Amino acid sequence: MIEEVVMRQDIPLDDFLPIFVSSALVMVFGGFYVGIYTAVKVNLLKKWTMPIAYIFWMLTAYCLYIMGSLMMVGEFTAKALVVAGIGLFLLPHAVYYMQHQVHEENEH
């Protein structure tokens, strides 16, 4: 039986802090994106603040890129990070759309 050996590069110790910070910022910026988006949709914030939400999403995507680059992820994991970023972008839109449709069906 031939055993396949998979070589994996070690992450340099100097990259630990930037990886940790960028992954933490993914959660923080993602939370601000979803929070501001939701607050605008339920009229807690003015509509002009919506671009700020999208700026937070762009910061989230950038931090995902930095994290993936520093961790030297494989091709599959890189694609998964892209899908996660797009999913984070689309999820609040989908939730608001469904909520709006349910409201229209039940109110009118």
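Read on for an overview of the structure. A quick note: this is a predicted structure, and the numbers were derived from the prediction, not measured. (Residues numbered from 1 in each chain as written. Predicted model: local features only at pLDDT ≥ 70, side-chain atom pairs only at ≥ 80, totals over all residues. Heavy atoms only, no water.)

## Quick word on the pattern of salt bridges
Consideration 1: If you walk through the whole model with that rule in mind, you get one salt bridge.
Consideration 2: Put simply, E75 and K79 hold a salt bridge, and the shortest N to O gap is 3.2 Å. Of this pair, E75 and K79 both sit in helix 3 (residues 75-107), four residues apart, which is roughly one turn of that helix. (Salt bridge = Lys/Arg side-chain N within 4 Å of Asp/Glu carboxyl O. Helix = DSSP H or I, 4+ residues; strand = E, 2+ residues; numbered from the N terminus.)

## Section: the packing of helix 1 (residues 16-41) against helix 3
Consideration 1: Between helix 1 and helix 3, the least distance of the axes is 10 Å, while the angle of their chain directions is 25°. Comparing the axis directions of helix 1 and helix 3 gives the class roughly parallel. Here helix 1 runs over helix 3; the crossing is right-handed. Contact residues: helix 1 offers G30, Y33, V34, Y37 and K41, while helix 3 offers L88, F89, P92, H93 and Y96. (Axes fitted to C-alpha atoms, helices over the stretch in contact; angles between N-to-C directions. Parallel < 35°, antiparallel > 145°, perpendicular 65-115°, else oblique. Left-handed = near helix turned anticlockwise from the far one by under 90°. Contact = heavy atoms within 4.5 Å.)

## Quick look at the packing of aromatic side chains
Consideration 1: According to the stated counting rule, one finds eight aromatic pairs in the structure shown.
Consideration 2: Plain terms: the ring middles of Y33 and Y37 are 6.2 Å apart, the flat faces sit at 50° to each other, and that makes the pair tilted. Residue Y33 and its partner Y37 are located together in helix 1, separated by four residues, close to a single helical turn.
Consideration 3: Since its relative accessible area comes to 0%, Y33 is described here as buried.
Consideration 4: Judged by centre distance (6.3 Å) and plane angle (10°), the ring pair of Y33 and F89 falls under stacked. Taken as a pair, Y33 in helix 1 and F89 in helix 3 lie far apart in primary sequence, 56 residues in all.
Consideration 5: Chaining the aromatic ring pairs together yields one cluster made of Y33, Y37, Y54, W57 and F89. (Phe/Tyr/Trp six-rings, centres within 6.5 Å; stacked < 30°, edge-to-face > 60°. Buried < 20%, exposed > 50% of the residue type's maximum accessible area, 1.4 Å probe, protein only.)

## Regarding unusual backbone geometry
Consideration 1: One non-glycine residue, N43, lies in the positive phi region at around 65°.
Consideration 2: Among the structural elements, N43 can be located in the loop between helix 1 and helix 2 (50-71).
Consideration 3: Of note in this structure, M72 is not a glycine but carries a positive phi near 50°.
Consideration 4: Among the secondary structure elements, M72 is positioned in the loop between helix 2 and helix 3.

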